[in-house]
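A look at the structure
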Amino acid sequence: MKSTIRRRALRPALAALSLAFGAALTAPAHAQFAERTIRVSNGVNQDHPVGNGVAKMTACVNQRSGGKMKLQAFWGGALGGDLQATQALRSGTQEMVITSSSPLVGIVPELGVFDLPFLFQNEAEADKVLDGDFGKFISDKMPGANLVNLAWWENGFRNLTNSRRPVGKWEDLQGVKVRVMQNNIFLDTFRTLGANAVPMAFGEVFTALETRAIDGQENPFVTIDTSKFYEVQRFLSVTRHAYTPFMVLYSKPLWDKLSNDERGALSACAIEGRDEQRKVSRALSEKSLASLRSRGMQINEVSQGEYRRMFDKVQGVYEKHQASIGQETITRLKDTLAQVRK
Ligand code: TK8
């Protein structure tokens, strides 16, 4: 009986204590957030899965900061291409960019490891490599270039489109003018396969295809679909010749001015965005392939035998670029892949 009376008497005090405790949990977090609008640029369009990732990340930082931090996204290269936007981050004139790793090898050469042809066999092993020690090993090299990598998102497995012919074996590439990212390893890979490889920023690709300045390009299905390449390309060959990651980069000069709470929110929300973006990317990939077929693209698979011949044909690219990527990076990557594949 006495304990019931005591509990009742204590109720108001316990209620006040829990309110104060609850407020303490939220107040310091919100108190360490300044009013900020963070500009994040992309080369793809908003209906690309990057749009889903950015939406998730935006809602997350908004919630964690009590509405003080906002992400403002610019699509379709509105703030410049991958390399141009990344340089703006390095100089502290823009906060964020979501960019392929490939155009940045001139800034951080070790990123070239992801451009080695036929490196990953599937998304599961790519996730394990990127989200584990190896991904951190590479991300830790970014601050030296005035950049902070918040997360690895998915660009995806790359496939070839062109306006001349189906490509079922490497010999079919002879003389085909293929745009590649501004990256020596992609240039070498496609030249080794016999194509006339042309480096070009992503934002110029559609017009170059439309005017036949180039015959083809290579990107994942969701990019071919959301960038409307089907309007200017007839053939799609499922080559899966490389897997490109997206980097969610923050300007280090601007990062250094953030509070620990702001950095914590951005880091955690970039991971939430990653999981959403990858989920949508994989769910949309098959739908995009079906959509491209319904829009009239002629789609061909590459047989296992011919896939193997392409793989064998470009092995020299690995040796040629070991020096520029760095032996330690290549050895770590190979060891990690061996572990992942056990
Ligand atoms: C978009 C690019 C694109 C990439 C390319 O900004 O350049 O072909 O695959 O996704 O990063």
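Preceding this section is the structure that the text describes.
This section reports on the structure supplied with the text. Note that the structure is a prediction, hence the values are computed from the model and not measured.

Description of the overall build of the protein
A tally of helices and strands in the protein yields 13 helices and 11 strands. By principal-axis analysis of the C-alpha atoms, the protein measures approximately 90 × 45 × 45 Å. Of all 342 residues assigned to the protein, the portion counted as buried reaches 51%. For the protein, restricting intrachain contacts to residue pairs at least 6 apart in sequence, the fraction spanning at least 24 positions comes to 76%. Summing over all exposed atoms, the protein offers an accessible surface of approximately 15200 Å²; the carbon and sulfur share of this is 52%. Each charge sign in the protein was given a centre, from 44 positive and 35 negative side chains, and these centres are 7 Å apart.

Some remarks on the site of the ligand
Close to the ligand lie Gly43, Val44, Asp82, Ser100, Asn155, Arg158, Arg179, Met181, Phe202, Asn219 and Phe246, which account for all nearby residues. At 3.4 Å from an oxygen atom of the ligand is found a main-chain nitrogen or oxygen belonging to Gly43. The contact in question runs from an oxygen atom of the ligand to an N or O atom on the side chain of Ser100, over 2.7 Å. Taking 310 Å² as the accessible area of the ligand by itself, protein coverage stands at 98%. Of the residues belonging to the shell around the ligand, the class tally is four nonpolar, four polar and three charged.

Some thoughts on the nonpolar core
With 54 residues, the main nonpolar core has Leu111, Phe114 and Phe120 as its most contacted residues. The biggest single contributor to this core is helix H6 (residues 184-192), with four residues. In this structure, Val148, Trp153, Phe246 and Ala270 belong to the second largest nonpolar core, which totals 28 residues.

Points about the state of the cysteines
Going through the model one piece at a time under the given rule, you end up with one disulfide. Covalently, Cys60 is tied to Cys269 through a disulfide, its sulfur atoms 2.0 Å apart. Judged by the sign of its S-S torsion, about -70°, the cystine formed by Cys60 and Cys269 is left-handed. Linking Cys60 in helix H2 (residues 49-64) with Cys269 in helix H10 (residues 260-294), this pair joins segments that are 209 residues apart in sequence. Exposure class is identical for Cys60 and Cys269. Each is buried.

Describing the sheet that holds strand S3 (residues 96-100)
Across a sheet, paired strands are connected by hydrogen bonds in the backbone, their directions being either parallel or antiparallel. Read from one edge to the other, the open sheet built from five strands follows the order S2-S1-S3-S10-S4, with strand pairing classed as mixed. This sheet does not close on itself; its edge strands, each paired only once, are strand S2 (69-74) and strand S4 (147-157). Between one strand axis and the next, the sheet turns by 20° as a mean value, whatever way the strands run. Pairing analysis gives six bridges linking strand S1 (residues 36-42) to S2, with the strands arranged parallel. Residue pairing across strands places Arg39 opposite Gln72, the latter belonging to S2.

What about the packing of H2 against H10?
It is the contact of H2 with H10, at a shortest axis distance of 7 Å, that shows an interaxial angle of 150°. Judged by the inter-axis angle, H2 sits roughly antiparallel to H10. The interaxial crossing formed by H2 with H10 has right-handed handedness. On H10, the residues that touch Pro49, Val50, Asn52, Gly53, Lys56, Met57, Cys60, Val61 and Arg64 of H2 are Ala265, Leu266, Ala268, Cys269, Ala270, Glu272, Gly273, Glu276, Gln277, Val280, Ser281 and Leu284. Its residues assigned to classes, the contact of H2 with H10 comprises 12 nonpolar, five polar and four charged.

A word on the pairing of strand S8 (residues 216-219)
The alternating pattern of S8 places Gly216 and Glu218 on one face and Gln217 and Asn219 on the opposite face, and all of these are buried. Note: strand S5 (residues 159-162) against S8, four bridges, orientation antiparallel. Across the sheet, the residue bridging to Asn159 is Asn219, located in S8.

Some points on the packing of aromatic side chains
Tallied over the full model, the rule gives 10 aromatic pairs. Plain terms: the ring middles of Phe114 and Phe134 are 6.1 Å apart, the flat faces sit at 85° to each other, and that makes the pair edge-to-face. Note that Phe114 is positioned in the loop between S3 and helix H4 (123-131) and Phe134 in helix H5 (residues 133-139), a separation of 20 residues in sequence. We note that Phe114, like Phe134, is buried.

Describing the environment of Ala59
Among the secondary structure elements, Ala59 is positioned in helix H2. On the basis of relative accessibility, which here comes to 48%, the residue Ala59 falls in the partly exposed class. Along the sequence, Ala59 and Gly273 sit 214 residues apart, while their C-alpha atoms lie 9.5 Å from each other.

Quick notes on the rules
- Residues numbered from 1 in each chain as written.
- Predicted model: local features only at pLDDT ≥ 70, side-chain atom pairs only at ≥ 80, totals over all residues.
- Heavy atoms only, no water.
- Helix = DSSP H or I, 4+ residues; strand = E, 2+ residues; numbered from the N terminus.
- Buried < 20%, exposed > 50% of the residue type's maximum accessible area, 1.4 Å probe, protein only.
- Contact = heavy atoms within 4.5 Å.
- Areas by Shrake-Rupley, 256 points an atom, 1.4 Å probe, with all protein chains shown as cover.
- Lys, Arg positive; Asp, Glu negative; His and termini not counted.
- Charge placed at Lys NZ, Arg CZ, Asp CG, Glu CD.
- Near = heavy atom within 4 Å.
- Polar contact = N/O pair within 3.5 Å; in protein donor to acceptor, adjacent residues only side chain to side chain.
- Nonpolar A, V, L, I, M, F, W, Y, C, P; charged D, E, K, R; others polar.
- Core = buried A, V, L, I, M, F, W, Y, C linked by side-chain atoms within 4.5 Å.
- Disulfide = S-S within 2.5 Å.
- Pairing = 2+ DSSP bridges.
- Axes fitted to C-alpha atoms, helices over the stretch in contact; angles between N-to-C directions.
- Parallel < 35°, antiparallel > 145°, perpendicular 65-115°, else oblique.
- Left-handed = near helix turned anticlockwise from the far one by under 90°.
- Phe/Tyr/Trp six-rings, centres within 6.5 Å; stacked < 30°, edge-to-face > 60°.

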